[in-house]
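# Residue-level structural notes
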Amino acid sequence: MKDENIKKRITEAIEDIGGNSSKLARMIGVTPNYLASVITSPAKGVSATLLKGFAEAGINLNWLVRGQSEMWLKSGNGNSTATIAVVQAKLDVALDLIEK
């Protein structure tokens, strides 16, 4: 599992919300400069804390880490949602993949 694949999907998520990287940074709880550095720096990895921020913003970690499923988690009414249980389960999977 390579961070480069995750970084490409982060860029896709930015495009999906209208190309506004600052908006995505706010959604996941980081500064725009930090998010930009994660995407552009080959030496900077994707941290578990960052993955948690994506999950809390409603981004499907299965999509972000593996490229599988839909980009956004949806609730029954069509709104993006990330429950604590979903976040924890996806974060555990992501951390296992990162360690490999």
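Residues numbered from 1 in each chain as written. Predicted model: local features only at pLDDT ≥ 70, side-chain atom pairs only at ≥ 80, totals over all residues. Heavy atoms only, no water.

## So, the side chain of Arg-9
Note the threshold: To qualify as a helix, a DSSP run of H or I must reach at least 4 residues; to qualify as a strand, a run of E must reach at least 2; elements of each kind are numbered from the N terminus. Residue exposure (1.4 Å probe, protein chains only): buried if accessible area is under 20% of the type maximum, exposed if over 50%, otherwise partly exposed. For the purpose of counting charges, residues Lys and Arg are taken to be positive, whereas Asp and Glu are taken to be negative. His and the chain ends are not included. Salt bridges are defined by distance alone: a side-chain nitrogen of Lys or Arg within 4 Å of a carboxyl oxygen of Asp or Glu. Polar contacts, as used here, are pairs of N or O atoms within 3.5 Å; protein pairs need one atom able to donate a hydrogen and one able to accept it. Residues neighboring in sequence count only if both atoms are side-chain atoms. Throughout, a contact is declared for two residues whenever any of their heavy atoms are within 4.5 Å.
Relative to the helices and strands, Arg-9 is located in helix H1 (residues 3-16). No salt bridge is formed by the buried Arg-9, whose closest oppositely charged neighbour, Glu-12, lies at an N-O distance of 5.8 Å. At 2.8 Å, the side chain of Arg-9 and the backbone oxygen of Leu-64 are in polar contact. Excluding its chain neighbours within four sequence positions, the residues that come into contact with Arg-9 are Trp-63, Leu-64, Val-65, Arg-66 and Gly-67.

## Let's talk about the environment of Ser-22
On the secondary structure map, Ser-22 appears in helix H2 (residues 21-28). The class for Ser-22 is partly exposed, based on a relative accessible area of 26%. Put simply, Ser-22 and Pro-32 are 10 residues apart on the chain and 4.9 Å apart in space, counted from C-alpha to C-alpha.

## As for helix H4 (residues 48-56)
In an α-helix, one full turn covers 3.6 residues, which means residues spaced three or four apart are oriented alike. Along H4, the positions that sit buried rather than exposed are Leu-50, Leu-51, Gly-53, Phe-54 and Ala-55. Phi turns positive, to about 100°, at Gly-58, one or two residues after H4.

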